[in-house]
Amino acid sequence: MVEKPKRVLVVGGVAGGASAAARVRRLDEECEIIMFEKGPHVSFSNCALPFHLSGLIKDHEELVLMKPDDFYNEYRIDARVYNEVIDIDRENKEVKVRKVVTGEEYTESYDKLILSPGANPIVPPFEGMEDVNVFTIRNVVDIAKLNVFIKENHCNDVTVIGGGFIGIEAAENLKLAGYNVTIVEAMPQIMRPFDYDMVQILHKEIIDNGIDLIVNDKVERFEKDTVVLESGKKIYSEAVVMAIGVSPETTLAKKSGLELGKTGAISVNQNFRTSDPDIYAVGDAIEVYNRLLHSQSKLALAGPAQKQARAAADHIYGRPVNNTGVIGSSVIKIFNYNGASTGLTEGLIKATNMQVDYDTVMIIPSDKVGIMPDSEPLHFKLIFEVPTGRVLGAQAIGKGNVDKRIDVIATLIKFNGTLEDLKDLELCYAPPFGTARDVVNFAALVGLNILHSCFKQVHVDEVRDLVESGAYIIDVRDKEEYEEGHIVNAVNIPLGEIRDRVDEIPKDRPVYLHCRSGQRSYNAVMALQHLGFDNVYNVSGSFMGLSFFEYYNDKVTDRKPIVTNYNFE
């Protein structure tokens with residue numbers, strides 16, 4: 001029988017700390033619980049912070065979810081704001097606390113201690129930092145400070161440094177508020193949860209909505225109200241939002257001698273216990289086990305933090321904890337598009353040099369029955385292991401419900417599901433909600449065809465090289481579609497005519513076929529294979545996928561397009 005703690009102290013609030021404190025109370029009505037927060041708010045919606053900039057959340061106080069009085073009245077938890085824990089005496093099981101307003105210091109003893117200090121925005125020491133107005137976004141105070149500054153100073157031009165979740169959401173909401181916005185991303189793309197071929201859809205959406213998106217270019221220094229990039233480009237900026245990323249807040253853990261992991265975050269075991277058996281840690285400050293990478297990693301997301309908080313509290317009270325690791329599921333809205341991702345991406349597999357054989361599927365079916373007025377194309381990419389067919393990851397981008405499709409895949413991954421499992425999933429269907437064969441079922445069927453070598457494919461990121469090398473490409477769309485826009489030098493043989501025109505198709509060289517989204521060209525490939533062609537390939541994503549893939553780089557580099565006109569619908 002586990003001895004119940006008489007006193008539990010929690011350092012930090014929000015998703016991790018507040019959830020842990022509340023769970024302790026539900027498990028034990030008698031335990032004294034004190035929660036310390038160095039700032040003014042112990043519970044707020046940090047994921048909703050950027051939406052204050054556009055006025056979607058009008059009053060920044062609406063971001064505050066619970067105040068200290070609420071915690072006491074509802075849970076009998078003593079939530080102390082403006083109280084910073086500055087040291088841990090592990091031997092005597094005491095913490096030293098500084099009252100931020102007065103500077104007064106005092107100590108509190110604990111039986112169990114839960115750390116949830118979160119993460120800090122990364123702010124590199126660029127030359128000329130004093131010459132620009134730099135802001136970060138971590139809490140309600142930060143977002144209110146930024147919003148007040150740009151309004152009171154009648155700012156017009158704002159630059160956001162970094163293309164992750166916070167940076168992109170801040171940029172979108174600043175643009176919706178009427179500001180001139182530039183995003184600067186040092187990597188070749190924004191939003192690393194998406195692969196390069198998928199993220200081009202988001203790149204297009206951002207520039208189509210009037211934001212100047214600069215990728216593959218780093219900040220070198222600042223001058224007076226100016227961001228200077230490595231390329232030499234200068235961007236006039238009355239305010240600069242630093243959203244490069246976050247680093248785990250480990251100051252207190254280091255100072256008290258707690259073990260840090262290989263990622264630099266706090267090391268915890270499967271029960272979220274640190275190297276000290278009486279101290280637990282949860283949230284953005286810890287490293288977690290990625291069940292797909294089979295290694296420790298950092299994951300700054302609210303959902304996992306809440307699960308960790310519950311698990312830590314449960315373990316304190318002797319309840320079993322089943323830690324299955326994380327896979328990394330996320331979703332974002334960018335203007336008119338929604339994007340969701342889970343599990344592995346091709347980019348992550350390559351970046352970590354992960355030794356896994358895999359293949360991918362890219363399809364663009366409708367998210368609802370096509371005759372429904374709000375039916376929209378849904379770009380869906382599925383990654384699976386070869387030869388097992390085990391599903392490793394997926395990404396979905398569209399104007400409709402991408403999250404429910406990715407949630408299905410996330411659930412499947414948690415149970416080590418395969419393409420066969422995905423094919424057979426019985427999902428809800430009615431014309432306003434989806435299709436009888438849902439997007440995820442459809443992706444599984446295509447994946448199984450690839451896995452069993454029923455046909456061959458090339459991806460949209462290979463098409464430019466094919467065009468420039470003079471490859472033989474057949475467009476199987478109708479003549480009217482072809483004339484509205486097509487791949488340079490592509491031959492138009494509509495699907496309805498292809499069986500009657502096989503004499504025009506060479507057998508002594510590879511032949512690449514495409515349509516609008518890949519369905520008709522797949523049918524053409526299968527027909528030609530039955531007619532004796534073994535040199536035919538379907539272009540995954542086809543003309544629509546290629547249009548999205550090429551567009552952003554065509555526009556920002558002024559390179560020669562490989563299409564006569566784009567097709568995005």
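Refer to the structure above for everything that follows.
Trainee: Would you mind going over the environment of V391 with me for this structure?
Mentor: The topology assignment puts V391 in strand β27 (residues 391–398). Judged by relative accessible area, which is 1%, V391 ranks as buried. Sequence separation of V391 and D89 is 302 residues, and the distance between their C-alpha atoms is 47 Å. In this view, V391 contacts L382, I383, F384, I409, L412, I413, G417, T418 and L419; residues no more than four positions away in its chain are not counted.

Trainee: What should I look at first to understand the side chain of N535 in this one?
Mentor: In this structure, N535 sits in the loop between α14 (519–530) and β32 (536–540). What makes N535 buried here is its relative accessible area of 8%. Reaching out from N535, the side chain makes a polar contact with the backbone oxygen of R509 at a distance of 2.5 Å. Residues within four places of N535 in sequence aside, it is in contact with K456, P506, K507, D508, R509, P510 and V511.

Trainee: What should I look at first to understand the nonpolar core in this one?
Mentor: Considering soluble globular proteins, one finds that nonpolar side chains tend to be buried as a cluster. Within the largest apolar cluster, 52 residues are counted, with the highest numbers of intra-cluster contacts made by F380, L382, I409, I498 and L513. Residue contacts for L382: discarding those within four places in its chain leaves D359, T360, V361, V391, G393, A394, I409, L419, L422, A443 and A444. Core analysis: the next-biggest nonpolar cluster, separate from the first, contains 50 residues, F51, V160, V181 and Y552 among them.

Trainee: Sorry if this is basic, but what is going on with the packing of helix α5 (residues 196–208) against helix α15 (residues 542–557) here?
Mentor: The geometry of a pair of packed helices is captured by two quantities: the angle between their axes and the separation between those axes. In contact at an axis separation of 8 Å, α5 and α15 are set at 55 degrees when each is read in the N-to-C sense. Between α5 and α15, the crossing angle belongs to the class labelled oblique. Crossing angle aside, the handedness with which α5 passes α15 is left-handed. Across the interface between the two elements, Y196, D197, Q200, I201, H203, K204, I207 and D208 of α5 pack against F548, F549, Y551, Y552 and N553 of α15. Classifying every residue of the contact of α5 with α15 by side-chain character gives 7 nonpolar, 3 polar and 3 charged.

Trainee: Explain a negative patch on the surface here, please?
Mentor: Together, D478, E480, E483 and E484 make up a negatively charged patch on the protein surface. Given a relative accessible area of 40%, D478 falls into the partly exposed group.

Trainee: What is the right way to read unusual backbone geometry from this model?
Mentor: The phi angle of most residues is negative, glycine excepted, and most peptide bonds adopt the trans form. The amide bond that connects V386 to the next residue, P387, takes the cis arrangement and shows omega of 10 degrees. Here P387 is to be found in the loop between β26 (378–385) and β27.

Trainee: Hey, could you run me through the pairing of strand β13 (residues 180–185) in this one?
Mentor: The two faces of a sheet get side chains in turn, since along a regular strand they alternate between them. Most of β13 sits inside the fold, with 5 of its 6 residues counted as buried. The pairing of strand β12 (residues 157–161) with β13 spans 5 bridges and is classified as parallel. When the sheet's bridge partners are listed, D157 is paired in β13 with N180. For the crossover from β12 across helix α4 (residues 165–176) to β13, the handedness is right-handed. For β13 and strand β14 (residues 212–215), the ladder comprises 4 bridges, and the chain directions are parallel. The residue bridging I183 from the neighbouring strand is L213, located in β14.

Trainee: Explanation requested: the packing of helix α1 (residues 14–27) against helix α7 (residues 302–316) in the structure shown.
Mentor: Contact pair α1 / α7: the axes reach a minimum separation of 8 Å and the direction vectors enclose 35 degrees. With respect to the hand of their crossing, α1 and α7 are arranged in right-handed fashion. Across from A15, G16, S19, A20, R23, V24 and L27 in α1, the residues of α7 making contact are A302, A305, Q306, A309, R310, A313 and D314.

Procedures and definitions
The numbering scheme is per chain: residues are counted from 1 as the chain's sequence reads. Reporting in this predicted model follows two pLDDT cut-offs: at least 70 for local features of residues, and 80 or more for side-chain atom pairs to be given and counted; totals over whole chains, interfaces and linings ignore these cut-offs and use all residues. Excluded from the side-chain calculations are hydrogens and water; all other atoms, namely the structure's heavy atoms, are used. Secondary structure elements follow DSSP: runs of H or I no shorter than four residues count as helices, runs of E no shorter than two count as strands, and numbering proceeds from the N terminus. Using a 1.4 Å probe on the protein chains alone, a residue whose accessible area is under 20% of its type maximum counts as buried, one over 50% counts as exposed, and one in between counts as partly exposed. Pairs of residues are marked as contacts when any of their non-hydrogen atoms sit within 4.5 Å. Pairs of N or O atoms are called polar contacts if they sit within 3.5 Å, as long as, within protein, a hydrogen donor faces a hydrogen acceptor (for residues adjacent in sequence, only side-chain-to-side-chain pairs). Working definition of a nonpolar core: buried Ala, Val, Leu, Ile, Met, Phe, Trp, Tyr and Cys residues. They are joined through side-chain atoms within 4.5 Å. To get an axis, a line is fitted to the C-alpha atoms, and for a helix only the part in contact is used. The angle between two axes follows their N-to-C directions and goes from 0 to 180 degrees. What sets the label is the angle itself: under 35 degrees gives roughly parallel, over 145 gives roughly antiparallel, 65 to 115 gives roughly perpendicular, and the rest give oblique. Each crossing gets its handedness from the near helix: less than a right angle anticlockwise from the far helix is left-handed, clockwise is right-handed. For this scheme, ten residues count as nonpolar: Ala, Val, Leu, Ile, Met, Phe, Trp, Tyr, Cys and Pro. Four count as charged, namely Asp, Glu, Lys and Arg, and the remainder, Gly too, count as polar. For patch building, the residue pool is restricted to those with more than 30% relative accessible area and no salt bridge; the joining distance is 9 Å between like charges and 5 Å between nonpolar side chains (Val, Leu, Ile, Met, Phe, Trp, Tyr). Only the protein chains shown count as cover for residues, with accessible areas throughout obtained via the Shrake-Rupley method and a probe of 1.4 Å. Salt bridges are identified by distance alone: a Lys or Arg side-chain nitrogen within 4 Å of an Asp or Glu carboxyl oxygen. Neither His nor the chain ends is counted toward charge; the positive residues are Lys and Arg and the negative residues Asp and Glu. A charged residue contributes its charge at one atom only: NZ of Lys, CZ of Arg, CG of Asp or CD of Glu. What makes two strands pair is DSSP finding at least two bridges between them. Handedness of a crossover: with both strands directed away from the viewer, a clockwise path from the first strand across the helix to the second marks it as right-handed.

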